[in-house]
Amino acid sequence: MIKQTKYTRDELVKLDKHLEMIPLTFDKQFKKIFENNLDLLKKFLIITLKLPVTEEECNIVIDSKEQIKYNHKEYQMTFDISVTLNEKTNVMVEMNSKYFKNIKERNSLYLDRKRISLVEQGENPEDYADTYVYQLNLNPKEKNVTSGGHIIVPYDLTTNTVFTDNKIMVLKYLEYYRKLYYTYSNREEEVIWLTGLTSKTFTEVYDIYSQILTPEELEKLIEDVINMSKDFVSVHEWEKEKMDALVEYT
């Protein structure tokens, strides 16, 4: 049953006719929305990464926005969001603006650097086995994949075993989950979360996320998405990205 908020579905249908929604797959929109809704981000990460904690057990803290840089060529190498859960789990989240195969090496290096920085910040190396670092890639580019994603960990070919399981890169192909939702009517919570990120209208955000969010959470999310889609700077950045993509394609 659809939960009631101050935004009715009919009102959102009307809004869609005269205001273009900046999609959540636009990395700057994704970052601003979820940094402004940390409880939703916490729920999203627990479900998507299958973390063995409950929402009540877990606290979430935004990390420094500055990523580790080793030379001037790396000034653009930033992640959309970096958070720490329960002090022992660090998650870097990136809404990829390029195909995953072009950035996986860079992201793997960042995982190593993040682990080093944790030790440099005072972590005891002997206790590091209890500290997990996840790098979550959300990829809206690939349209014809046949699986939802991949989990990448260091692998020992001589023993056919995982070398370490506390440095984990997770890839999620969003269009695959959208297909599960609309073609196969899959309504698992992870599918709903990931499909909602691909929403193309305010009405679609409402229809999808009303299945898993409280009225208060849904209202706050929709309000933020609307406000961001009206913000002059955000609209300008979104229009520029669309033009850049068009130029690159042609």
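Residues numbered from 1 in each chain as written. Predicted model: local features only at pLDDT ≥ 70, side-chain atom pairs only at ≥ 80, totals over all residues. Heavy atoms only, no water.

S.K.: So, the overall build of the protein: which residues are in play, and what are the values?
M.R.: Counting secondary structure elements, the protein contains 9 helices and 8 strands. Split into buried and exposed, the 250 residues of the protein put 45% on the buried side. Once local pairs closer than 6 in sequence are excluded, the contacts in the protein between residues at least 24 apart make up 66%. Accessible area for the protein stands at about 13,900 Å²; split by element, carbon and sulfur atoms hold 53% of it. (Helix = DSSP H or I, 4+ residues; strand = E, 2+ residues; numbered from the N terminus. Buried < 20%, exposed > 50% of the residue type's maximum accessible area, 1.4 Å probe, protein only. Contact = heavy atoms within 4.5 Å. Areas by Shrake-Rupley, 256 points an atom, 1.4 Å probe, with all protein chains shown as cover.)

S.K.: Which residues make up the environment of Asp224, and what values go with them?
M.R.: On the secondary structure map, Asp224 appears in helix 8 (residues 215-230). Taking relative accessible area as the criterion, Asp224 reaches 9% and is therefore assigned buried. Those residues in contact with Asp224 that sit more than four places away from it in its chain are Ile33, Asn36 and Asn37.

S.K.: Summarise the pairing of strand 2 (residues 81-85); cite the residues concerned and give the values.
M.R.: Buried residues dominate strand 2, accounting for 5 of its 5 residues. Looking at chain direction, strand 1 (residues 60-62) and strand 2 are connected through 3 bridges and run antiparallel. Each bridged residue has a counterpart across the sheet, and for Ile60 the counterpart in strand 2 is Leu85. Note that strand 2 and strand 3 (residues 89-95) share 5 bridges and pair antiparallel. The residue of strand 3 that forms the bridge with Ser82 is Met92. (Pairing = 2+ DSSP bridges.)

S.K.: Tell me what's going on with the layout of surface pockets, and back it up with residues and numbers.
M.R.: Over the atoms, a rolling probe the size of a water molecule traces out where space has been left empty. In this model, the second largest pocket occupies a volume close to 160 Å³. Every residue along the wall of the second largest pocket is listed here: Leu51, Pro52, Val53, Cys58, Leu85, Asn86, Lys88, Thr89, Asp130, Tyr132 and Tyr134. A per-class count over the lining of the second largest pocket returns 7 nonpolar, 2 polar and 2 charged. (1 Å grid on protein atoms, 1.4 Å probe; cavity = no way out; pocket = protein on both sides within 12 Å on 5 of 7 lines; lining within 4 Å. Points joined across faces, edges and corners; volume = space filled by probe spheres on them. Nonpolar A, V, L, I, M, F, W, Y, C, P; charged D, E, K, R; others polar.)

S.K.: I'd like a description of the pattern of salt bridges, backed by residues and values.
M.R.: Applying the stated criterion across every chain, the model contains 11 salt bridges. Between Glu217 and Lys43 there is a salt bridge, with the nearest N and O atoms lying 2.6 Å from each other. On the criterion of sequence distance, the pair formed by Glu217 in helix 8 and Lys43 in helix 3 (residues 38-48) is long-range, its members being 174 residues apart. As far as the burial class goes, Glu217 and Lys43 line up, both buried. (Salt bridge = Lys/Arg side-chain N within 4 Å of Asp/Glu carboxyl O.)

S.K.: How would you summarise helix 3 if you had to cite specific residues and measurements?
M.R.: For helix 3, the tally of buried residues reaches 8 of 11 residues, placing the bulk of the element in the interior. Buried within helix 3 we find Leu40, Leu41, Lys42, Lys43, Phe44, Leu45, Ile46 and Thr48. A positive phi of about 55° marks Lys50, the residue just after helix 3.

S.K.: Would you mind going over the environment of Lys17 in detail, with residue names and values included?
M.R.: Structurally, the position occupied by Lys17 is in the loop between helix 1 (9-16) and helix 2 (27-35). Linking Lys17 and Thr201, residues 184 residues apart in sequence, is a C-alpha distance of 9.6 Å.

S.K.: So what's going on with the sheet that holds strand 8 (residues 167-173)? Residues and values would help.
M.R.: If you trace the 6 strands from one edge of the open sheet to the other, you get 1-2-3-4-8-5, paired in mixed fashion. Each edge of the open sheet carries a strand with a single partner, namely strand 1 and strand 5 (149-152). Taking the axes of each pair of neighbouring strands and ignoring which way they run, one obtains an average angle of 20° across the sheet. Most of the contacts of helix 2 go to strand 2, to which it runs at about 30°, and overall it touches strand 1, strand 2, strand 3 and strand 4 (132-139). (Axes fitted to C-alpha atoms, helices over the stretch in contact; angles between N-to-C directions.)

S.K.: Talk me through the packing of aromatic side chains; I want residue IDs and the actual numbers.
M.R.: Aromatic ring pairs are described here by two measures, namely the spacing of the ring centres and the angle between the planes. As enumerated under the stated definition, the model contains 8 aromatic pairs in all. Measuring from centroid to centroid gives 5.5 Å for Tyr176 and Tyr177, while their planes differ by 90°, and the two rings are edge-to-face. Geometrically, the ring pair formed by Trp193 and Tyr209 is tilted, given 5.4 Å between the ring centres and 55° between the ring planes. On the criterion of sequence distance, the pair formed by Trp193 in helix 6 (residues 189-196) and Tyr209 in helix 7 (residues 202-209) is long-range, its members being 16 residues apart. (Phe/Tyr/Trp six-rings, centres within 6.5 Å; stacked < 30°, edge-to-face > 60°.)

S.K.: Now, about the nonpolar core: what can you tell me, with residues and values included?
M.R.: The biggest cluster of nonpolar side chains holds 50 residues, and the ones touching the most others in it are Phe34, Phe44, Leu45, Leu138, Leu197 and Tyr209. Counting residues per element, this core draws most heavily on helix 8, which supplies 6 residues. Excluding its chain neighbours within four sequence positions, the residues that come into contact with Phe44 are Leu136, Leu138, Trp193, Leu194 and Leu197. (Core = buried A, V, L, I, M, F, W, Y, C linked by side-chain atoms within 4.5 Å.)

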